[in-house]
Amino acid sequence: MKRLIFIILVLVLSMAFGYFVKEHTGYVLIHVAETSIEMTLSFALIMVGLAFGVFLVALLVIKAIVGTPGQISLWFSGRKKAEARKKFYQGITFLAEGCYEDAEKKLIADVRNSERPQLNYIGAAIAAHCQGDFAKSDEYFAKASIGKNRPELAIGFVQSLLHMERGNSESAIAKLGHLNRIKPNHEPVMLRLIEGYEHAQDWQSLHDLVPIAKRKKVIDEKAAQEIEVKSTIALIETAQNSGLQVLKASWSHFPKIMRLNAEVIAKYAQGLVANGAPNEAEKVLSDALKKNWTPLLVEQYGNIKMSHPEKMLAKTEAWLRERPDDPHLLLAAGRLAERAQIWTRAKEYMQASIDRQPTKEALRTLGLLMEHLEGAESAIDYYRMATTL
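Numbering of residues starts from 1 in each chain and follows the order in which that chain's sequence is written. This being a predicted model, a pLDDT of at least 70 is required before a residue's local features are given, and a value of 80 or more before pairs of side-chain atoms are given or counted; all residues contribute to the totals for chains, interfaces and linings. For the side-chain quantities, the full set of heavy atoms in the structure was used; hydrogens and water were omitted.

A. Region of the structure containing the overall build of the protein. For the purposes of this entry, the term helix denotes a DSSP run of H or I that reaches at least four residues, the term strand denotes a run of E that reaches at least two, and both are numbered from the N terminus. Scanning the protein from N- to C-terminus turns up 21 helices and two strands. The classification of residues rests on relative accessible area computed with a 1.4 Å probe and restricted to protein chains. Under 20% of the type maximum is buried, over 50% is exposed, and intermediate values are partly exposed. Each of the 389 residues in the protein was classed as buried or not, and the buried ones make up 35%. Computed with the Shrake-Rupley method and a 1.4 Å probe, the accessible areas treat only the protein chains shown as cover for residues. Looking at the protein as shown, the accessible area adds up to about 23,800 Å², and 58% of this sits on carbon and sulfur atoms.

B. Quick peek at the nonpolar core. I219 and L297 are the most contacted members of the largest nonpolar core, which totals 69 residues. The biggest single contributor to this core is helix α11 (residues 221–240), with eight residues. Within this scheme, the nonpolar core is defined by two criteria: the residues are buried Ala, Val, Leu, Ile, Met, Phe, Trp, Tyr or Cys, and they are joined through side-chain atoms within 4.5 Å.

C. Main features of the packing of helix α15 (residues 278–291) against helix α16 (residues 295–303). Interaxial angles span 0 to 180 degrees and are taken between N-to-C directions of axes, which are lines fitted to C-alpha atoms, for helices over the stretch in contact. Relative to each other, α15 and α16 sit at 150 degrees, their axes nearing to 10 Å. Relative to α16, the element α15 lies roughly antiparallel. When you trace α15 past α16, the crossing you get is left-handed. Note on element contacts: α16 touches α15 through L297, V298, Q300 and Y301, opposite E282, L285, S286, A288 and L289. Each residue receives one of three labels: charged for Asp, Glu, Lys and Arg, nonpolar for Ala, Val, Leu, Ile, Met, Phe, Trp, Tyr, Cys and Pro, and polar for the others, Gly being one of them. Residue classes in the contact of α15 with α16 are distributed as six nonpolar, two polar and one charged. Each angle is binned into one of four classes, with values under 35 degrees roughly parallel, values over 145 roughly antiparallel, values of 65 to 115 roughly perpendicular, and all other values oblique. Rotating anticlockwise by less than a right angle from the far helix to the near helix defines a left-handed crossing, while the corresponding clockwise rotation defines a right-handed one. Working rule for contacts: check all heavy atoms of both residues, and any pair within 4.5 Å makes them a contact.

D. Seen up close, the environment of V298. Tracing the backbone shows V298 in helix α16. Exposure remark for V298: the relative accessible area of 2% places this residue in the buried category. It is 6.1 Å that separates the C-alpha atoms of V298 and L329, two residues lying 31 residues apart in sequence. Ignoring anything within four residues of it in the chain, the contact list for V298 reads L289, W293, H328, L329 and A332.

E. The side chain of N120, seen in detail. Take N120: it is sitting in helix α5 (residues 117–130). Look at N120 and you get buried, because its relative accessible area is 2%.

F. Representation of the packing of aromatic side chains. Classification of ring pairs rests on two measures: the distance between centres of Phe, Tyr or Trp rings, Trp counted by its six-membered ring, which must be within 6.5 Å, and the angle between planes, read as stacked under 30 degrees, edge-to-face over 60 and tilted in between. In the structure shown here, the tally under the stated rule is six aromatic pairs. With 4.1 Å between their ring centres and 5 degrees between their planes, W251 and Y268 make a pair best called stacked. Of this pair, W251 sits in helix α12 (residues 244–253) while Y268 sits in helix α14 (residues 262–274), and the two are 17 residues apart along the sequence. Side by side, W251 and Y268 carry an identical accessibility label, which is buried. Where W293 meets W319, the ring centres are 5.4 Å apart and the plane angle is 85 degrees; that geometry is what we call edge-to-face. Note that W293 is positioned in the loop between α15 and α16 and W319 in helix α17 (residues 309–322), a separation of 26 residues in sequence. Among the aromatic side chains, those forming a connected cluster through ring pairs are W251, F254 and Y268. The ring of W293 has R323 lying over it, and the distance from NZ or CZ to the ring centre is 4.1 Å. Lysine and arginine charges are scored as sitting over a ring when NZ or CZ, respectively, is within 6 Å of the ring centre and within 35 degrees of the ring normal.

G. Up close: the pattern of salt bridges. By convention in these notes, a salt bridge is any Lys or Arg side-chain nitrogen within 4 Å of a carboxyl oxygen on Asp or Glu. Counted according to the given criterion, the structure contains 20 salt bridges. For K105, the salt bridge goes to E101, with nearest N and O atoms at 3.6 Å. Residue K105 and its partner E101 are located together in helix α4 (residues 100–109), separated by four residues, close to a single helical turn. For E361, the salt bridge is made with R335, and the minimal N-O distance between the two is 2.5 Å. In this pair, E361 sits in helix α20 (residues 360–374) while R335 sits in helix α18 (residues 327–339), placing the two residues 26 residues apart along the sequence. Classification of E361 as partly exposed rests on a relative accessible area of 30%. Residue classification places R335 among the buried positions, given a relative accessible area of 8%. When salt bridges with common partners are traced through the structure, they connect K214, E221 and E228 into a single cluster.

H. Here's a closer look at the packing of α14 against α16. Put simply, α14 and α16 touch, their axes get as near as 9 Å, and they point 10 degrees apart. Taken together, α14 and α16 sit at an angle that is classed as roughly parallel. Packed against α14, whose contacting residues are A262, E263, I265, A266, A269 and Q270, the element α16 presents L296, L297 and Q300 at the interface. Partitioned by chemical class, the residues of the contact of α14 with α16 number six nonpolar, two polar and one charged.

I. Region of the structure containing α16. Among the residues of α16, those classed as buried are L297, V298, Q300, Y301 and G302. Contacts from the buried residues of α16 go to α14, α15, α17 and α18.

J. Just the environment of Q131, in detail. Of note, Q131 is situated in the loop between α5 and α6 (134–144). For Q131 and G98, which are 33 residues apart along the polypeptide, the C-alpha to C-alpha distance reads 10.0 Å. Leave out the neighbours within four places in its chain, and Q131 touches Y100, E101 and E104. The definition of a polar contact used here is a pair of N or O atoms within 3.5 Å, where within protein one atom must be able to donate a hydrogen and the other to accept one, and adjacent residues in sequence count solely through side-chain atom pairs. A polar side-chain atom of Q131 sits 2.8 Å from a polar atom in the side chain of E104.

This is how it looks when you write it as structure tokens:
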């Protein structure tokens with residue numbers, strides 16, 4: 001049906017055109033410079049029709065190949081993005097190869113057409129940092145932070161790492177702390193924050209963060225304990241310098257697991273002695289040894305200096321009845337006997353300790369005792385043996 005209508009329409013138009021040509025004779029003259037073209041009106045109309053037809057066919061062909069004007073615009077836009085993407089890949093490759101100047105140039109060359117300009121700026125910031133231009137690096141980070149859908153975590157994390165590398169730990173820690181608040185469970189941020197606190201010796205912040213990191217399984221039990229012990233000991237040292245009451249108050253706020261740790265207990269006992277409370281130190285160590293017998297605490301017990309060392313010596317000798325071959329306990333008993341000026345017993349205990357386990361400390365201690373009792377000659381052998389260990 002459509003074909004029949006089309007044929008009829010063509011016939012009608014042809015008849016109308018023939019009638020128009022018959023009734024309107026004439027000619028068309030085209031004069032350009034020295035050239036003149038003359039043709040009949042009918043021929044001119046036919047040429048115009050053909051030209052229009054060619055134009056329509058050309059439009060149809062272009063539309064079939066490329067699309068509508070809007071699609072053509074998208075095509076040109078896609079080419080620009082493809083070129084920008086190519087430069088981004090080249091820049092990242094240069095960055096990985098260590099060609100930092102070339103990397104920076106490529107990454108910012110076509111950033112306006114980049115699909116993720118923030119990534120271009122992050123890469124350029126790294127390249128500038130590696131060239132030692134820290135101001136430009138921070139400028140690129142500032143540009144990366146502009147706009148919607150910016151990867152705040154990526155920007156802040158990379159910038160904090162670069163600041164840490166520069167030695168600007170304060171700025172790095174501030175950025176990592178902010179990132180940890182907006183995304184608390186991000187393992188890399190927490191790990192770097194722990195490193196930052198440790199590097200800056202911010203022991204209180206480190207002490208507060210590690211239990212959280214352990215609970216969220218960011219660090220394992222062993223690593224967490226090592227860091228907690230280190231930070232707790234540092235906090236004890238700080239409190240120790242502020243007086244006995246501050247030291248005792250700090251101790252009471254430590255987690256129970258830390259107050260049962262031998263290294264921490266030994267440090268606390270040292271702090272008590274340093275602040276004029278040897279009796280309290282003796283009680284702390286004595287109670288701890290009942291629960292956890294360790295050489296470190298035994299050694300610390302023997303180092304406590306009290307006005308009446310006889311009581312401590314008696315307790316030590318009671319322990320020796322249960323542990324007669326403990327070299328650390330024998331050395332502690334020898335030191336306490338020396339303070340009590342029971343010279344023979346002191347010498348016997350120290351020698352028994354060396355017989356069971358010769359150590360530099362035991363040999364040096366006995367050497368000092370022999371030098372005090374019998375003169376330097378009698379101590380030479382002990383000092384010489386100590387140097388060979």
